[in-house]
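# Working through the structure, step by step
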Amino acid sequence: LMVHENFRFRVWYREAKRQLESGVIGRPFYCHSNARMAGTVKTDHSPDQPWSLHRQPFFADLDRFLILESAIHQIDVCRFLFGGVNRITARARKVSPDVRGEDLVSMLLDFDQMHAVVERSYASKGYPDPPLISETMAIEGERGTLFLERDGTIRIEIDNPGERKTLIPEYDTSDAYPNSYAASIKEFVDCLRNGEPFETDIEDNLETLECTLAAYESCSSGQVVDLRPSRSPDRNNKN
(Lines give C-alpha, C1' and ligand atoms only; values in the text may rest on other atoms or scores of the structure.)
Protein backbone atom coordinates (compact mmCIF):
# COMPACT_ATOMS: atom_id res chain seq x y z
CA LEU A 1 0.00 0.00 0.00
CA MET A 2 1.34 3.41 -1.06
CA VAL A 3 -0.42 6.75 -0.67
CA HIS A 4 -0.35 9.01 -3.73
CA GLU A 5 1.27 12.08 -2.16
CA ASN A 6 2.15 13.74 -5.44
CA PHE A 7 3.05 17.16 -3.98
CA ARG A 8 6.36 15.91 -2.61
CA PHE A 9 7.13 14.50 -6.06
CA ARG A 10 6.91 17.93 -7.68
CA VAL A 11 10.26 18.61 -9.27
CA TRP A 12 11.00 21.75 -7.23
CA TYR A 13 10.53 19.97 -3.91
CA ARG A 14 12.79 17.11 -5.05
CA GLU A 15 15.38 19.71 -5.99
CA ALA A 16 14.94 21.54 -2.68
CA LYS A 17 15.56 18.24 -0.88
CA ARG A 18 18.76 17.68 -2.87
CA GLN A 19 19.97 21.19 -2.10
CA LEU A 20 19.25 20.84 1.62
CA GLU A 21 21.07 17.52 1.76
CA SER A 22 24.06 19.09 -0.01
CA GLY A 23 24.39 21.53 2.88
CA VAL A 24 24.46 24.56 0.59
CA ILE A 25 22.45 26.76 2.98
CA GLY A 26 23.75 25.07 6.13
CA ARG A 27 21.45 23.92 8.91
CA PRO A 28 17.90 25.16 8.21
CA PHE A 29 16.15 26.93 11.06
CA TYR A 30 13.02 28.38 9.44
CA CYS A 31 10.63 27.65 6.57
CA HIS A 32 7.65 29.51 5.16
CA SER A 33 5.36 27.54 2.84
CA ASN A 34 2.61 29.64 1.27
CA ALA A 35 -0.04 28.81 -1.36
CA ARG A 36 -2.92 31.15 -2.18
CA MET A 37 -5.61 31.56 -4.82
CA ALA A 38 -9.19 32.73 -5.33
CA GLY A 39 -10.80 29.32 -5.36
CA THR A 40 -13.84 29.75 -3.11
CA VAL A 41 -14.63 33.40 -3.90
CA LYS A 42 -16.11 34.91 -7.06
CA THR A 43 -13.79 36.91 -9.30
CA ASP A 44 -13.81 38.39 -12.77
CA HIS A 45 -12.29 35.09 -13.89
CA SER A 46 -15.18 33.16 -12.28
CA PRO A 47 -18.05 35.65 -11.83
CA ASP A 48 -20.93 33.19 -11.52
CA GLN A 49 -19.42 30.45 -9.36
CA PRO A 50 -16.09 30.19 -7.51
CA TRP A 51 -13.55 28.27 -9.56
CA SER A 52 -12.92 25.45 -7.06
CA LEU A 53 -16.65 24.86 -6.55
CA HIS A 54 -17.22 24.67 -10.29
CA ARG A 55 -14.43 22.11 -10.57
CA GLN A 56 -15.30 20.13 -7.44
CA PRO A 57 -18.76 21.17 -6.18
CA PHE A 58 -18.67 18.81 -3.19
CA PHE A 59 -16.16 21.17 -1.58
CA ALA A 60 -19.07 23.42 -0.60
CA ASP A 61 -20.54 20.87 1.82
CA LEU A 62 -17.36 19.73 3.56
CA ASP A 63 -17.32 20.47 7.30
CA ARG A 64 -13.54 20.01 7.19
CA PHE A 65 -12.27 21.52 3.99
CA LEU A 66 -8.96 23.23 3.28
CA ILE A 67 -6.65 21.57 5.81
CA LEU A 68 -7.81 18.06 5.00
CA GLU A 69 -8.21 18.61 1.25
CA SER A 70 -5.12 20.64 0.39
CA ALA A 71 -2.95 21.88 3.27
CA ILE A 72 -2.30 18.24 4.16
CA HIS A 73 0.03 18.16 1.12
CA GLN A 74 2.05 21.11 2.40
CA ILE A 75 2.37 19.35 5.75
CA ASP A 76 3.62 16.26 3.93
CA VAL A 77 6.16 18.32 1.96
CA CYS A 78 7.51 19.79 5.20
CA ARG A 79 7.79 16.31 6.68
CA PHE A 80 9.59 15.17 3.52
CA LEU A 81 12.06 18.04 3.81
CA PHE A 82 12.55 18.30 7.57
CA GLY A 83 11.44 15.05 9.28
CA GLY A 84 8.98 14.42 12.07
CA VAL A 85 6.75 17.18 13.44
CA ASN A 86 6.97 17.61 17.21
CA ARG A 87 4.19 20.14 17.82
CA ILE A 88 1.59 21.91 15.76
CA THR A 89 -0.48 25.05 16.24
CA ALA A 90 -3.18 26.05 13.76
CA ARG A 91 -5.75 28.74 13.11
CA ALA A 92 -8.42 28.47 10.41
CA ARG A 93 -11.25 30.64 9.16
CA LYS A 94 -14.21 30.44 6.78
CA VAL A 95 -14.14 33.45 4.47
CA SER A 96 -16.41 32.54 1.56
CA PRO A 97 -20.20 32.35 2.15
CA ASP A 98 -20.30 29.56 -0.44
CA VAL A 99 -18.49 26.93 1.66
CA ARG A 100 -19.28 25.28 4.97
CA GLY A 101 -15.73 24.52 6.09
CA GLU A 102 -12.53 26.54 6.40
CA ASP A 103 -10.94 28.10 3.32
CA LEU A 104 -8.07 29.91 5.07
CA VAL A 105 -5.49 28.34 7.38
CA SER A 106 -2.20 29.22 9.07
CA MET A 107 -0.14 26.59 10.87
CA LEU A 108 3.06 26.51 12.88
CA LEU A 109 4.99 23.22 12.75
CA ASP A 110 7.78 22.66 15.26
CA PHE A 111 10.65 20.34 14.32
CA ASP A 112 13.72 19.38 16.35
CA GLN A 113 15.92 22.32 15.33
CA MET A 114 13.58 24.56 13.34
CA HIS A 115 9.99 25.56 12.72
CA ALA A 116 7.85 26.04 9.63
CA VAL A 117 4.97 28.42 9.00
CA VAL A 118 2.50 26.81 6.60
CA GLU A 119 -0.25 28.92 5.06
CA ARG A 120 -2.92 28.19 2.48
CA SER A 121 -5.91 30.10 1.21
CA TYR A 122 -8.64 29.53 -1.35
CA ALA A 123 -10.19 32.90 -0.51
CA SER A 124 -7.42 35.30 -1.58
CA LYS A 125 -7.99 37.62 -4.53
CA GLY A 126 -5.28 39.23 -6.65
CA TYR A 127 -3.15 36.11 -7.09
CA PRO A 128 -2.74 34.28 -10.42
CA ASP A 129 -6.01 32.83 -11.65
CA PRO A 130 -6.66 29.13 -11.04
CA PRO A 131 -5.61 26.53 -11.84
CA LEU A 132 -2.21 28.16 -11.26
CA ILE A 133 -1.52 28.37 -7.52
CA SER A 134 0.95 30.88 -6.14
CA GLU A 135 3.00 28.21 -4.39
CA THR A 136 6.10 29.68 -2.78
CA MET A 137 8.55 28.62 -0.11
CA ALA A 138 11.52 30.13 1.68
CA ILE A 139 13.93 27.97 3.69
CA GLU A 140 16.40 29.91 5.80
CA GLY A 141 19.66 28.30 6.88
CA GLU A 142 22.83 29.28 8.67
CA ARG A 143 24.68 29.97 5.39
CA GLY A 144 21.87 31.30 3.21
CA THR A 145 18.27 31.05 2.04
CA LEU A 146 16.58 28.86 -0.55
CA PHE A 147 13.67 30.54 -2.33
CA LEU A 148 11.04 28.65 -4.33
CA GLU A 149 9.62 31.19 -6.76
CA ARG A 150 6.08 31.26 -8.16
CA ASP A 151 7.26 29.93 -11.53
CA GLY A 152 8.67 26.77 -9.93
CA THR A 153 12.30 27.81 -10.07
CA ILE A 154 14.66 27.81 -7.09
CA ARG A 155 17.00 30.64 -6.19
CA ILE A 156 19.64 30.22 -3.47
CA GLU A 157 21.23 33.25 -1.85
CA ILE A 158 24.47 32.67 0.05
CA ASP A 159 25.73 35.61 2.10
CA ASN A 160 28.65 35.09 4.50
CA PRO A 161 31.81 37.10 5.28
CA GLY A 162 33.98 36.81 2.18
CA GLU A 163 31.31 34.87 0.28
CA ARG A 164 28.25 36.23 -1.46
CA LYS A 165 26.66 34.49 -4.43
CA THR A 166 23.39 33.53 -6.08
CA LEU A 167 22.78 29.96 -7.25
CA ILE A 168 20.04 28.99 -9.72
CA PRO A 169 19.73 25.18 -9.94
CA GLU A 170 18.68 24.01 -13.39
CA TYR A 171 15.86 21.52 -13.82
CA ASP A 172 12.86 21.08 -16.08
CA THR A 173 9.67 22.66 -14.69
CA SER A 174 7.53 22.02 -17.77
CA ASP A 175 4.40 19.94 -17.19
CA ALA A 176 5.27 19.89 -13.48
CA TYR A 177 1.76 19.05 -12.33
CA PRO A 178 1.18 15.90 -14.46
CA ASN A 179 4.82 14.92 -14.05
CA SER A 180 4.42 14.86 -10.27
CA TYR A 181 1.72 12.23 -10.74
CA ALA A 182 3.95 10.28 -13.11
CA ALA A 183 6.85 10.42 -10.64
CA SER A 184 4.66 9.18 -7.81
CA ILE A 185 3.38 6.29 -9.92
CA LYS A 186 6.94 5.50 -11.03
CA GLU A 187 7.96 5.28 -7.35
CA PHE A 188 5.16 2.74 -6.83
CA VAL A 189 6.14 0.61 -9.83
CA ASP A 190 9.89 0.77 -9.16
CA CYS A 191 9.46 -0.29 -5.54
CA LEU A 192 7.20 -3.17 -6.56
CA ARG A 193 9.92 -4.31 -8.95
CA ASN A 194 12.92 -3.97 -6.64
CA GLY A 195 11.28 -4.76 -3.31
CA GLU A 196 12.23 -1.43 -1.71
CA PRO A 197 9.82 0.25 0.72
CA PHE A 198 7.57 2.97 -0.66
CA GLU A 199 8.54 6.51 0.25
CA THR A 200 4.91 7.28 1.09
CA ASP A 201 3.89 3.98 2.61
CA ILE A 202 1.01 3.76 5.05
CA GLU A 203 3.17 4.31 8.14
CA ASP A 204 4.65 7.47 6.69
CA ASN A 205 1.34 8.87 5.51
CA LEU A 206 -0.40 8.12 8.80
CA GLU A 207 2.03 10.59 10.34
CA THR A 208 1.00 13.22 7.79
CA LEU A 209 -2.66 12.49 8.53
CA GLU A 210 -1.97 12.67 12.26
CA CYS A 211 -0.51 16.16 11.83
CA THR A 212 -3.54 17.18 9.79
CA LEU A 213 -6.02 16.00 12.43
CA ALA A 214 -3.90 17.65 15.11
CA ALA A 215 -4.25 20.93 13.20
CA TYR A 216 -8.03 20.67 13.53
CA GLU A 217 -7.64 19.86 17.23
CA SER A 218 -5.51 22.97 17.66
CA CYS A 219 -8.06 25.08 15.78
CA SER A 220 -10.81 23.88 18.12
CA SER A 221 -8.88 24.14 21.39
CA GLY A 222 -6.67 27.12 20.64
CA GLN A 223 -3.79 25.11 22.09
CA VAL A 224 -0.51 23.64 20.88
CA VAL A 225 -0.84 19.91 20.11
CA ASP A 226 2.16 17.74 21.02
CA LEU A 227 2.70 14.89 18.56
CA ARG A 228 5.84 13.38 20.05
CA PRO A 229 4.19 10.80 22.35
CA SER A 230 2.50 9.11 19.36
CA ARG A 231 5.64 8.74 17.24
CA SER A 232 7.64 5.54 17.45
CA PRO A 233 11.44 5.82 17.09
CA ASP A 234 11.31 3.99 13.75
CA ARG A 235 8.73 6.39 12.30
CA ASN A 236 10.56 9.41 13.67
CA ASN A 237 13.84 8.38 12.07
CA LYS A 238 12.43 7.30 8.71
CA ASN A 239 12.99 10.64 7.04
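Our subject is the structure listed above.
Okay, so let's go over this structure. The structure displayed is predicted, hence computed values, not measured ones.

## Things to note about the sheet that holds strand β2 (residues 87-93)
On the basis of which strands lie adjacent, the open sheet formed by 9 strands has the order β8-β7-β6-β5-β1-β4-β3-β2-β9 and mixed pairing. If you trace the sheet from one side to the other, it starts and ends with β8 (163-167) and β9 (225-226), each paired once. Alignment of strand β5 (residues 134-141) against strand β6 (residues 144-148), held across 4 bridges, turns out to be antiparallel. For Met137, the partnering residue across the bridge sits in β6 and is Leu148. In the packing of helix α3 (residues 66-82) onto the sheet, the strands contacted are β1 (28-36), β2, β3 (104-110), β4 (115-121) and β5, and the crossing angle to β4 comes to about 150°. The strands touched by helix α5 (residues 202-221) within the sheet are β2, β3 and β9, with β2 carrying the most contacts at an inclination of about 60°.

## As for the side chain of Asn34
Positionally, Asn34 belongs in strand β1. In terms of polar contacts, Asn34 uses its side chain to reach the side chain of Arg36, at 2.9 Å. Residues contacting Asn34, with those up to four places away along its chain left out, are Gln74, Glu119, Ser134, Glu135 and Thr136.

## A closer look at the pairing of β1
Pairing analysis gives 8 bridges linking β1 to β5, with the strands arranged antiparallel. By the bridge assignment for β5, Ala35 is matched with Glu135. Pairing of β1 with β4 involves 7 bridges; the strand directions are parallel. The partner of Ala35 across the bridge, within β4, is Arg120.

## Looking at the packing of aromatic side chains
On inspection of all chains with the given rule, the structure shows 6 aromatic pairs. On the basis of an interplanar angle of 70° and a centroid distance of 5.7 Å, the ring pair of Phe65 and Tyr122 is categorised as edge-to-face. Highlighted residues: Phe65 in the loop between α2 (51-55) and α3 and Tyr122 in the loop between β4 and β5, separated in sequence by 57 residues. Exposure remark for Phe65: the relative accessible area of 0% places this residue in the buried category. Note on Tyr177 and Tyr181: the rings are 5.3 Å apart at their centroids and 65° apart in plane angle, and the pair reads as edge-to-face. Taken together, the residues span about one helical turn, with Tyr177 and Tyr181 both in helix α4 (residues 176-194) at a distance of 4 residues. On the accessibility criterion, Tyr177 (43% relative accessible area) is partly exposed. Of the residues examined, Tyr181 reaches a relative accessible area of 32% and is grouped as partly exposed. One aromatic cluster in this structure is built from Phe58, Phe59, Phe65 and Tyr122.

Conventions we followed
Residues numbered from 1 in each chain as written. Predicted model: local features only at pLDDT ≥ 70, side-chain atom pairs only at ≥ 80, totals over all residues. Heavy atoms only, no water. Pairing = 2+ DSSP bridges. Helix = DSSP H or I, 4+ residues; strand = E, 2+ residues; numbered from the N terminus. Contact = heavy atoms within 4.5 Å. Axes fitted to C-alpha atoms, helices over the stretch in contact; angles between N-to-C directions. Polar contact = N/O pair within 3.5 Å; in protein donor to acceptor, adjacent residues only side chain to side chain. Phe/Tyr/Trp six-rings, centres within 6.5 Å; stacked < 30°, edge-to-face > 60°. Buried < 20%, exposed > 50% of the residue type's maximum accessible area, 1.4 Å probe, protein only.

Bear in mind that shape data such as this cannot, by itself, settle questions of function.
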